[in-house]
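Chain residues, written in single-letter form:
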Amino acid sequence: MPDTLTHTQAMRYNRHIVLPQFDLEGQEKLLNSKVLILGAGGLGNTVAQLMCTGGAGTITLADDDRVEAHNLPRQILFTPEDCGKLKTEAARQRLLALVPECAIHCVSERPDDNLLSRLVESHDIVIDCTDNLASRKQINAISYRLGKPLVSGAAIRFEGQLFISMPGSNKACYQCVEKRFSMTELSCNEAGILSPVVSITGACQAQLAMQVLTGFGTLPAGELHLFDGLTFQWQKFTVPPLPDCDICQPK
Ligand SMILES: [Zn+2]
């Protein structure tokens, strides 16, 4: 039996509920949704905050990293006192202060294929907030195999990148994008990152996740969206599936 909103929740989410495309039904879908957020860095902080305060009922955060002082400008859930703590645990404390009834689970390790498969299986949507190509490929392969929607985000320097993969839609998966655009592996440690670019990208991931979970509007599946913070321009590429992709094409 799905949960229904309490009176207090209906008051809190009133500005969502008055949107005819969202409505009470959308808010209750969010309340009953299970959201898997992989990576609790800058993207994961913004996504987790917006999904939690926006009304998602269950959130799982996975990350094996600890908070460091140079994270604080863009990892907006953390305070200087959190330095040295596990990012998952520090984020959970802050999120529970924001929305005490949200069920927040922590996975404080980098999931291997088995653990990741179990996590993906038991959630409704996967949000990739990791910072390396190997994790992105692993997450794409497992999400696609298990038929779960995947919202990928990345941010580096002044650039944000967004892609949504919907298994079964005949649209490209993340591997198709990665091969066509030959994504380079750069870390923010070496290349740098402007903090608002992370929040812009993470906020877009949260918006797309809400769209998948509640069904409003037109979902930009199979499109690569790039934000350039130097010119303040967005670019959109419709990415056809690669005929030989071993993830999304029939063998
Ligand atoms: Zn593919």
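Above this note sits the structure.
Residues numbered from 1 in each chain as written. Predicted model: local features only at pLDDT ≥ 70, side-chain atom pairs only at ≥ 80, totals over all residues. Heavy atoms only, no water.

Asks: How should I be thinking about the sheet that holds strand 4 (residues 125–128) in this particular structure?
Replies: Neighbouring strands of a sheet are bound in pairs by backbone hydrogen bonds; such pairs are parallel or else antiparallel. Here eight strands make up an open sheet; going across it, the order is 3-2-1-4-5-6-7-8 and the pairing mixed. Bordering the open sheet on either side are strand 3 (103–107) and strand 8 (233–238), each of which pairs with just one other strand. In this sheet, adjacent strand axes meet at a mean angle of 15° when their direction is disregarded. Taken together, the six bridges between strand 7 (residues 223–228) and strand 8 define a ladder with antiparallel strand orientation. When the sheet's bridge partners are listed, Leu 226 is paired in strand 8 with Gln 235. (Pairing = 2+ DSSP bridges. Helix = DSSP H or I, 4+ residues; strand = E, 2+ residues; numbered from the N terminus. Axes fitted to C-alpha atoms, helices over the stretch in contact; angles between N-to-C directions.)

Asks: Mind showing me how you'd approach unusual backbone geometry here?
Replies: With a phi close to 65°, Asp 23 is a non-glycine residue in the positive phi region. Turning to its location among the elements, Asp 23 is positioned in helix 3 (residues 23–31).

Asks: Sorry, what's going on with helix 3 here?
Replies: Along an α-helix, residues three or four apart share an orientation, since each turn contains 3.6 residues. Residues Gly 26, Gln 27, Leu 30 and Leu 31 constitute the buried set of helix 3. Relative to the axis of helix 3, the buried residues are bounded by an arc of 145° and lie together on one face. Looking at the buried side of helix 3, the elements it contacts are helix 1 (7–12), helix 2 (14–17), helix 4 (42–54) and helix 10 (195–214). (Buried < 20%, exposed > 50% of the residue type's maximum accessible area, 1.4 Å probe, protein only. Arc of directions from axis to C-beta. Contact = heavy atoms within 4.5 Å.)

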